[in-house]
Amino acid sequence: MALIVQKYGGTSMGSPERIKNVARRVAKWKAQGHDVVVVVSAMSGETNRLIALAKEIQDQPDPRELDVIISTGEQVTIGLLSMALKEIGVEAKSYCGWQVRVVTDSAFNKARIQSIDEAAMRGDLNEGRVVVVAGFQGIDEQGNLTTLGRGGSDTSAVALAAALKADECQIYTDVDGVYTTDPRVVPEARRLKTITFEEMIEMASLGSKILQIRSVEFAGKYKVRLRVLSSFEDEGEGTLITFEEDENMEKAVVAGIAFDRNEARINVKGVPDKPGIAYQILGPIADANVEVDMIIQNVGENGTTDFSFTVPRGEFPRTMGVLRDVQTHIGAAKIDADDKVAKVSIVGVGMRSHCGIASTMFRTLAEEGINIQMISTSEIKVSVLIDEKYLELAVRVLHKAFGLDQAIAN
């Protein structure tokens, strides 16, 4: 018998019939003798509907009151799932985040979990009940409702698994695991049996939308076994996210290819080549709460240099507005920009001990006539910025070049 925490997303909870399907799946685990805690998201589209409703009242909704509104989506689904479980003879009890005392900081709309009081949940589990908890939400020390940001239910599930010392945290989604890349772009993409926390964090940060990056970081920190499974298929082992020292890891140099269309490149030209210039450019952007990704500063020539970086495409207009003042202040010659670019990344812990990975990537792209605009590297990933129109071609040829369509023998 094991203690399992399961998380079901908005698609899985998208209709009464799908909620009944989730109840039947949970009942199977319970019938096998396991203790089960279920974390659920709001019905698909519900959080967006609630945000839109708030914006009909306030153009910029008050953050505290917005959390009061959007936290109601999960309150509906925990009640419905508990009812569905009881309807098929499984004792269940629902809890909002504040009832299990998921204590967070006071950063409304993007709160971080600080502690969890698992006593009430343990009491219900000991009495044979399935515990159903609202994801995405908590309460701060002042008693205010808080939410954890987009994808926060994943983090809720991992945090509960850590607090309860669960044997496994299962994330049910609309795919049956983590793939070498998006199967919609590369039909030959292969589901991975295992992937390391490091690789999954990189994949999540580089554009893979399967898991929220915070949830993977949390799982890695607290050594929570994390598994991604399909909520629409009864069979399959999904993908286990584990540690590099696991002897059964697939021996692949490159585990997968991530990509992100949400990129814009900005090049500040003719910048004075002197200490502190990077801060003078990026400081005001940080103050505007814009996250900068890839950064390149060229070697200075004739007292000036060029400074290039990328920002999320949605932040592009705001960033350009900030830079107009910066350009005047630092005396830059000109600013050019392109919001039709995309980032493609290869990821794998095996890159630490293998040379020539980056050169293979660059050669493969060159053979297809794809120009690289920027490059960023770490121990286990290489990212390149390219013209968006070549994105899918780049992903396909790289997937083939690194043999990701071939099963790796353990």
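Residues numbered from 1 in each chain as written. Predicted model: local features only at pLDDT ≥ 70, side-chain atom pairs only at ≥ 80, totals over all residues. Heavy atoms only, no water.

1. Some remarks on the nonpolar core
Point 1. In terms of nonpolar packing, the biggest core is built from 43 residues, with V5, C169 and L226 touching the most fellow members.
Point 2. With eight residues, the top contributor of residues to this core is helix 6 (residues 152–164).
Point 3. Among all residues touching C169, those that are not within four sequence positions of it are V5, A157, V158, A161, V224, R225, L226 and R227. (Core = buried A, V, L, I, M, F, W, Y, C linked by side-chain atoms within 4.5 Å. Buried < 20%, exposed > 50% of the residue type's maximum accessible area, 1.4 Å probe, protein only. Helix = DSSP H or I, 4+ residues; strand = E, 2+ residues; numbered from the N terminus. Contact = heavy atoms within 4.5 Å.)

2. Considering the pattern of salt bridges
Point 1. Inspection of every chain in the model, using the stated rule, returns 23 salt bridges.
Point 2. We note a salt bridge from R49 to E46, for which the minimum N-O separation is 2.9 Å. You can see R49 and its partner E46 sitting in helix 2 (residues 46–57), three residues apart, about one turn around the helix.
Point 3. Look at R49 and you get partly exposed, because its relative accessible area is 46%.
Point 4. The salt bridge partner of R129 is E127, with a shortest N-O separation of 2.7 Å.
Point 5. One connected set of salt bridges, linked through shared partners, spans D124, E127 and R129. (Salt bridge = Lys/Arg side-chain N within 4 Å of Asp/Glu carboxyl O.)

3. As for the side chain of D154
Point 1. By secondary structure assignment, the location of D154 is in helix 6.
Point 2. D154 gets classed as buried once you look at its relative accessible area, which sits at 5%.
Point 3. At 2.9 Å, the side chain of D154 forms a polar contact with the side chain of K7.
Point 4. Aside from chain neighbours lying at most four places away, what touches D154 is K7, I171, I210, L211, Q212 and S215. (Polar contact = N/O pair within 3.5 Å; in protein donor to acceptor, adjacent residues only side chain to side chain.)

4. Section: the pairing of strand 11 (residues 226–230)
Point 1. A large share of strand 11 lies buried, amounting to five of its five residues.
Point 2. By the alternation rule, side chains of strand 11 split into L226, V228 and S230 and R227 and L229, which are all buried.
Point 3. Bridge count for strand 9 (residues 168–173) against strand 11 is five bridges, and the pairing is parallel. By the bridge assignment for strand 11, C169 is matched with L226.
Point 4. Examined bridge by bridge, strand 11 and strand 12 (residues 239–242) share three bridges and lie antiparallel to one another. (Pairing = 2+ DSSP bridges.)

5. Points about a nonpolar patch on the surface
Point 1. A cluster of nonpolar residues, V76, L80 and M83, forms a patch on the protein surface that exposes about 270 Å² of accessible area.
Point 2. Note that V76 resides in helix 4 (residues 72–87).
Point 3. Classification of V76 as partly exposed rests on a relative accessible area of 46%. (Patch = residues over 30% accessible without salt bridge, like charges linked within 9 Å, V, L, I, M, F, W, Y side chains within 5 Å. Areas by Shrake-Rupley, 256 points an atom, 1.4 Å probe, with all protein chains shown as cover.)

6. Observations concerning the environment of E367
Point 1. Considering the arrangement of structural elements, one finds E367 in helix 11 (residues 357–367).
Point 2. Residues E367 and M351, 16 residues apart in the sequence, show an inter-C-alpha distance of 22 Å.

7. What to know about the environment of W29
Point 1. Tracing the chain through its elements places W29 in helix 1 (residues 16–31).
Point 2. In this structure the C-alpha to C-alpha distance between W29 and D67, which are 38 residues apart in sequence, comes to 33 Å.
Point 3. With sequence-adjacent residues up to four places away left out, W29 is seen in contact with I4, Q6, H34, V36, Q170 and Y172.

8. So, the sheet that holds strand 12
Point 1. Reading across from one edge, 3-6-2-1-9-11-12-10 is the order of the eight strands in this open sheet, with mixed pairing throughout. Among the strands making up the open sheet, the edge pair consists of strand 3 (92–95) and strand 10 (194–196). Strand-to-strand, the axes of this sheet are offset by a mean angle of 20 degrees, without reference to chain direction.
Point 2. As paired strands, strand 3 and strand 6 (residues 130–134) are joined by four bridges and run parallel to one another. (Axes fitted to C-alpha atoms, helices over the stretch in contact; angles between N-to-C directions.)

9. Quick notes on the packing of helix 2 against helix 3 (residues 63–70)
Point 1. For the pair helix 2 and helix 3, the least separation of the axes is 9 Å and the interaxial angle reads 140 degrees. If you check the angle between helix 2 and helix 3, you find them oblique. Helix 2 and helix 3 meet at a crossing whose hand is right-handed. Note on element contacts: helix 3 touches helix 2 through L66, I69 and I70, opposite T47, L50, I51 and A54. (Parallel < 35°, antiparallel > 145°, perpendicular 65-115°, else oblique. Left-handed = near helix turned anticlockwise from the far one by under 90°.)

10. What about helix 6?
Point 1. Between its first and last C-alpha, helix 6 extends 18 Å over 13 residues, near the 18 Å set by a 1.5 Å rise per residue.
Point 2. Along helix 6, 13 of the 13 residues are buried, which leaves the element largely enclosed by surrounding structure.
Point 3. Immediately downstream of helix 6, the backbone of K165 shows phi near 55 degrees, a positive value. (Expected span 1.5 Å × (residues − 1).)

11. Details of the UniProt feature "domain: ACT" (unreviewed entry) in the protein
Point 1. The positions UniProt marks with the feature "domain: ACT" (unreviewed entry) are residues 266–340 and 346–410.
Point 2. With 35% helix and 33% strand, residues 266–340 has its two end C-alpha atoms placed 11 Å apart. (UniProt positions renumbered as here; feature names shortened; annotations may be inferred.)

12. Describing the pairing of strand 15 (residues 304–311)
Point 1. Within strand 15, six of the eight residues are buried, which leaves it mostly tucked inside the rest of the structure.
Point 2. Where strand 13 (residues 256–272) and strand 15 come together, seven bridges link them in antiparallel fashion. When the sheet's bridge partners are listed, R265 is paired in strand 15 with T310.
Point 3. Sheet topology places strand 14 (residues 295–297) next to strand 15; three bridges connect them, and they run antiparallel. The residue of strand 15 that forms the bridge with Q297 is F307.
Point 4. Between strand 14 and the antiparallel strand that follows it, strand 15, lie six residues; N302 among them carries a positive phi value of about 55 degrees.

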